[in-house]
Amino acid sequence: MTRAGLWSVALLAAATLASCGGGGGDDSDIGAGGGTDSGSSSGQQYPAGIWSGTSGGQTFFGIIDPGSATGTSGFYYFSRGGTDAMGFDGLYGTDLQTTGGRVTSNSGVYYQRPADEQGTGTFVTSIALTGTLSGRGTPSWTSANATFNGNYTNPGNSATRLQFTSSYDVNLAKRTANLSLNGGIQGAYMGATSDTSGWGLYVDWAGRISGRSGNCQLYGSVLPQSSGGPFYNVTITLANTIDGTTCAQAGHVLSGRAIVRYSTDDVKTGLWLAVRTVSGTRNTFILDGSFAATDSTTVPRSFDVGSIATTSQVPSGIWKGTDPFNNEAIDMVVLANNQFLMYRNNGNGDVFYNPSNIGMGNASGGFYSENNIFWRRSTDTLYNNMHFAGAVATRTSLKAIYDDPSKQSANGSTLAYNGLPAAMSLTPAATSAREVAFVSELTGQTYRSTNSAGFGSQPRVTSITIGSTANTDGSYPFSGTASGGCTVKGAITPIRESIQTAGNMFSVSDLSYSVATGSTSCSQSGTDTQSGVLIVDLNASSQISAVRVLTASSTGFTIFLGQP
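Residues numbered from 1 in each chain as written. Predicted model: local features only at pLDDT ≥ 70, side-chain atom pairs only at ≥ 80, totals over all residues. Heavy atoms only, no water.

## Some details on the overall build of the protein chain
For clarity, the cut-off: Helix and strand definitions here come from DSSP, where helices need a minimum of 4 consecutive H or I residues and strands a minimum of 2 consecutive E residues; each element is numbered from the N-terminal end. With a 1.4 Å probe rolled over the protein chains alone, any residue whose accessible area is under 20% of its type maximum counts as buried; one over 50% counts as exposed, and the rest are partly exposed. Residue burial considers only the protein chains on display, and all accessible areas are found by Shrake-Rupley using a 1.4 Å probe.
Scanning the protein chain from terminus to terminus reveals two helices and 34 strands. Every one of the 564 residues in the protein chain was classed for burial, and the buried ones make up 55%. With the model as given, the accessible surface of the protein chain reaches about 20900 Å², and the carbon-plus-sulfur share is 47%.

Laid out in structure tokens, this is it:
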């Protein structure tokens, strides 16, 4: 059996308590079996809210969610412990009932965390919980001085009970769940431990989750409940990690709740998220970590893409800018068909692209796609199914976050970014002073790469020559040399791409590689043909200084910078 939970160190406001694995610790308040409560408040009490206290000498924190402030039954989830490296025990169920001030549940589940990093957590079912509510006679989220005290079956000895005491946390419960960056759940969150390797989770402006915990990648959604209040409904699917680490429960689905933590002076400080399996082997997560603000010194951090236009925007064009986390230069081209290709560090870095669609799927300025491809230069590795989400304002700005395998560590045990995305902030590149006449200025010319460091793709194109005679379809052929025993060929259409004013951009199609004469192999020979664009760069005297060829397919890409 694999470890049942992936846990983090708690950031609860509590004193340091005795370390305890598997639900142990100071159990001086264990009572006799059978369970009694201290009496019931007169009149109906309402359990909905966020509760903080202690149980068995350990921190006890969690939520009761009947679906609205007026509900008297429903879902509950409490975390216990969290002061040692193994994180939390968890107590949860869906059958909570409140009659007057008496609260009961007879079919709870208790997760006991392992005693050490080599251990395995265990689940105990049929946990009975009995408690008393006081001070919650009014169904609102802002009750003050309310308490919830009681006991539940000791998972280590069903003949005894563990006591708990808790108070209503009005500072957290009074918040209304929303997806904003300031005052809502949007942003980056991180925890120090989770199967010894940390966790990171990002919630974007649409409630999409991406991140990593231990050996598992996390994808899913977190959305405010329609009834108002502080709770977010969470659904997460587990997957193998971007860097190839196997997740033992890949494909399993978990659901639960999340809340955003705030200081008493209304500063967002963190996230508490608890989910349990709804599809797959029984599992549970409790992630309790800190918020990385946009001005945080921690990298990565939350990134504000700004307002997203409610009217249709056009992403196509030539874009330039930086990674706002480390100021690395970024160049990007988006074609009229929404194909895009981004490269970093002036072509000497990693490449991110999609040969079909950036993800402008609605009539607004937002885009999202999850079938993008990332090429990590240092290992010459292609990663598929990378996520890309952002906002664009036509010919003004393009800001986005995206999965970045280059930020994963080599061994996958310690994540530099803890599974969080990289970011980009781009503006339109300066347009050309004049339009180049394709036939008279480009055809019959040869362009050679002068970058010995290996600009662009593998294999590296070293030269191209554009033919002077058109094909029957009106395009012009080109051919060239490449590294790795390859030659390259394709076609360029002399019809200017209409994606920016005076844009010296021309369509490239059918780019392919083959084995060069005298060579025995070419790594890209026989792969899918690529399509994209040729960009003509002009110098200060408005003369051609270079051409760039940017093309891609599902199996590879080409970036070429050549000078006459």
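## Points about the state of the cysteines
Such a bond, covalent and formed between the sulfur atoms of two cysteines, is termed a disulfide. Threshold: For the purposes of this analysis, a disulfide is any pair of cysteine sulfur atoms at a distance within 2.5 Å.
What the rule picks out here adds up to two disulfides. The residue that forms a disulfide with C216 is C247, at a sulfur-sulfur distance of 2.0 Å. Its S-S torsion of approximately 80° makes the covalent link between C216 and C247 right-handed. On the criterion of sequence distance, the pair formed by C216 in strand 14 (residues 216-224) and C247 in the loop between strand 15 (232-239) and strand 16 (253-262) is long-range, its members being 31 residues apart. You can call C247 buried: its relative accessible area is 4%.

## Thoughts on unusual backbone geometry
In the segment running from V299 into P300, the intervening peptide bond is cis, with an omega of 0°. Turning to its location among the elements, P300 is positioned in the loop between strand 18 (284-292) and strand 19 (317-322). Positive phi, normally seen in glycine, also occurs at S126, with a value near 60°. Of note, S126 is situated in strand 8 (residues 122-134).

## Regarding the nonpolar core
The line we're drawing: The set of buried Ala, Val, Leu, Ile, Met, Phe, Trp, Tyr and Cys residues whose side-chain atoms join them within 4.5 Å is what this entry labels a nonpolar core.
One finds L91, L129, F148, Y152, I185 and L201 to be the most contacted residues of the largest nonpolar core, which totals 64 residues. M342, F374, L398 and A400 belong to the second largest nonpolar core, which has 37 residues in total.

## Digging into the sheet that holds strand 32 (residues 530-538)
Defined as follows: What makes two strands pair is DSSP finding at least two bridges between them. Angles here are taken between N-to-C directions and fall from 0 to 180 degrees, while the axes themselves are lines fitted to C-alpha atoms, restricted in helices to the stretch in contact.
With antiparallel pairing, the eight strands of this open sheet are ordered in space as 27-28-29-30-31-32-33-34. Since the sheet does not close on itself, it has two edges, and those belong to strand 27 (446-448) and strand 34 (556-562), each with one partner. Across the sheet, the mean angle separating the axes of adjacent strands is 25° when strand polarity is ignored. Here strand 27 pairs with strand 28 (residues 461-466) via three bridges, running antiparallel. Bridge pairing in strand 28 places Y447 opposite I464.

## Quick look at the pairing of strand 34
Side-chain positions along a regular strand alternate between the two faces of the sheet. The buried fraction of strand 34 amounts to six of the seven residues, a majority that puts the element mostly inside the structure. As paired elements, strand 33 (residues 544-553) and strand 34 share seven bridges and run antiparallel to each other. Along strand 34, the bridge assignment pairs R548 with L561. If you look at the hairpin formed by strand 33 and strand 34, you'll find two residues sitting between the two strands.

## What about the pattern of salt bridges?
Stated formally: In what follows, salt bridge is the name for a side-chain nitrogen of Lys or Arg lying within 4 Å of a carboxyl oxygen of Asp or Glu.
The full count for this structure, using the stated rule, is 13 salt bridges. For D89, the salt bridge goes to R80, with nearest N and O atoms at 4.0 Å. Here the two residues D89 and R80 agree in accessibility, since each one is buried. In this structure, E328 and R344 form a salt bridge, with 3.5 Å as the shortest nitrogen-oxygen distance. Here E328 is found in the loop between strand 19 and strand 20 (329-334), whereas its partner R344 is found in strand 21 (residues 340-344), with 16 residues between them in sequence. Under the relative-accessibility criterion, E328 is labelled partly exposed at 23%. Three or more residues joined by partner-sharing salt bridges are found here, namely E328, R344, D350 and D404.

## Points about the environment of N337
Put simply, the rule is: Two N or O atoms form a polar contact when they lie within 3.5 Å of each other; inside protein one atom must be a possible hydrogen donor and the other a possible acceptor, and for residues adjacent in sequence the pair counts only when both atoms belong to side chains.
With respect to the helices, strands and loops of the structure, N337 is situated in the loop between strand 20 and strand 21. Judged by relative accessible area, N337 falls into the partly exposed class, the value being 46%. Taking the C-alpha atoms as reference points, N337 and S316, separated by 21 residues in sequence, lie 8.1 Å from one another. Separated by 2.9 Å, the side chain of N337 and the backbone nitrogen of Q339 make a polar contact.

## Considerations on the sheet that holds strand 25 (residues 397-402)
Ordered by their spatial adjacency, eight strands build a closed barrel running 19-20-21-22-23-24-25-26, and the pairing between neighbours is antiparallel. Ignoring which end each strand starts from, the neighbouring axes of this sheet average 30° apart. Pairing of strand 20 with strand 21, which is carried by five bridges, proceeds in the antiparallel orientation. Paired with D331 across the strands is Y343, a residue of strand 21.

## What to know about the side chain of R276
Formally: Working convention for charge: Lys and Arg count positive, Asp and Glu count negative, and His plus the chain ends are omitted. Contact between two residues is taken to exist if any of their heavy atoms lie within 4.5 Å; hydrogens are not considered.
Mapped onto the elements, R276 comes out in strand 17 (residues 268-279). Although R276 is buried, it forms no salt bridge, and the closest oppositely charged side chain is D65 at an N-O distance of 9.3 Å. Beyond its immediate chain neighbours, meaning those up to four positions away, R276 contacts F75, Y92, T94, V253, L254, S255, G256, N283 and T284.

## So, the packing of aromatic side chains
Rule in force here: When the centres of two rings from Phe, Tyr and Trp lie within 6.5 Å, Trp using its six-membered ring, the rings pair. Their planes under 30 degrees apart give stacked, over 60 give edge-to-face, and anything left gives tilted.
Summed over all chains, the structure comprises 27 aromatic pairs. Between W51 and Y168, the ring centres sit 5.2 Å apart and the planes meet at 75°, which makes this aromatic pair edge-to-face. Placement of W51 in strand 3 (residues 49-55) and of Y168 in strand 10 (residues 157-168) is noted, with a sequence separation of 117 residues between them. Residues W51 and Y168 agree in their burial class; the two are buried. Pairing F148 with F164 gives two aromatic rings, centres 5.0 Å apart and planes at 65°, and the pair type is edge-to-face. Within this pair, whereas F148 is found in strand 9 (residues 147-154), its partner F164 is found in strand 10, the two being separated by 16 residues in sequence. Overall, F148 belongs to the buried group, its relative accessible area being 1%.

## Notes on the confidence of the model for the protein chain
It should be kept in mind that the predicted coordinates are not to be read in detail where pLDDT is low. In plain terms, the rule: Predictor confidence is given residue by residue as pLDDT, running from a minimum of 0 to a maximum of 100.
Confidence along the protein chain averages 86 in pLDDT terms, with 87% of residues attaining 70 or more. Within the model, pLDDT remains below 50 along residues 1-40, and this stretch shows 132 contacts once partners closer than five positions in the same chain are excluded.

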